[in-house]
Amino acid sequence: MNPEMPYDDTVSTMVLENIKNKLIHAFRANGEPLATSVPAGGAVSSINKNFQANEELRRAKIDGAITWLRSELLEMRSQDQQLARTLLGLNSEIQRLRRESGPIALQADGREQI
């Protein structure tokens, strides 16, 4: 296990929370009703309920997007770890082959001598 994983999880969570807050703020700024006229008492209640329903829908969409982002980040981390394991394996194999083949003389420009 990588000792930096808890740190990575914390950073990922903080980044996602920041994105979530920005999205909520953006939707709130665009979704607030304009107070151009004062409707009757029943209409105010209806507008408030409609606004609350829209706000809940926006929050659900944002939460869904964040969940999708989180799953994508986890998949990317998994792929990154697999790639790192593959590269370490290849490096080990290269080192083993070098040890088996013995020293190879290199020319001054870095090419192998024949």
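Computed from a predicted model, the values in this text were never measured in an experiment.

Caption draft 1: Main features of the overall build of the chain. The number of helices and strands found in the chain is two helices and zero strands. Residues counted as buried form 7% of the 114 residues belonging to the chain. A separation of at least 24 residues holds for 65% of the contacts in the chain among residues at least 6 apart in sequence. Counting every atom, the chain has about 9,600 Å² of accessible surface; 59% of that belongs to carbon and sulfur.

Caption draft 2: Inspection of the confidence of the model for the chain at higher detail. Considering every residue of the chain, the mean pLDDT works out to 79; 71% of them sit at 70 or more. The low-confidence segment residues 33-38, where pLDDT is below 50, has one contact with residues more than four positions distant or belonging to other chains.

Caption draft 3: Geometry of the pattern of salt bridges. Across all of its chains, the model carries five salt bridges by this definition. The salt bridge partner of Glu 55 is Arg 58, with a shortest N-O separation of 3.0 Å. Here Glu 55 and its partner Arg 58 are both found in helix 2 (residues 41-101), three residues apart, which amounts to about one turn of the helix. Each member of the pair, Glu 55 as well as Arg 58, carries the same accessibility label: buried. What emerges from the salt-bridge pattern is a single network uniting Glu 55, Arg 58 and Arg 59.

Caption draft 4: Focus on the environment of Arg 77. With respect to the helices and strands, Arg 77 occurs in helix 2. Considering only alpha carbons, one finds Arg 77 and Asp 8, 69 residues apart in sequence, at a separation of 9.6 Å.

Criteria and thresholds
- For every chain, the first residue of its written sequence is number 1, and the numbers climb from 1 along that sequence.
- The predicted origin of the model limits local features to residues at a pLDDT of at least 70 and limits the giving and counting of side-chain atom pairs to 80 or more, whereas totals for whole chains, interfaces and linings rest on all residues.
- Think of the side-chain values as coming from all heavy atoms in the structure, minus any hydrogens and water.
- In this description a helix means any DSSP run of H or I spanning at least four residues, a strand means any run of E spanning at least two, and both kinds are numbered starting from the N terminus.
- Exposure classes here rest on a 1.4 Å probe applied to the protein chains alone. A residue is buried below 20% of its type maximum, exposed above 50%, and partly exposed in between.
- Working rule for contacts: check all heavy atoms of both residues, and any pair within 4.5 Å makes them a contact.
- Note on areas: these come from Shrake-Rupley sampling with a 1.4 Å probe, and a residue is covered only by the protein chains present in the view.
- For every residue, the predictor assigns a confidence score, pLDDT, that lies between 0 and 100.
- Salt bridge criterion: a side-chain nitrogen from Lys or Arg within 4 Å of a carboxyl oxygen from Asp or Glu.

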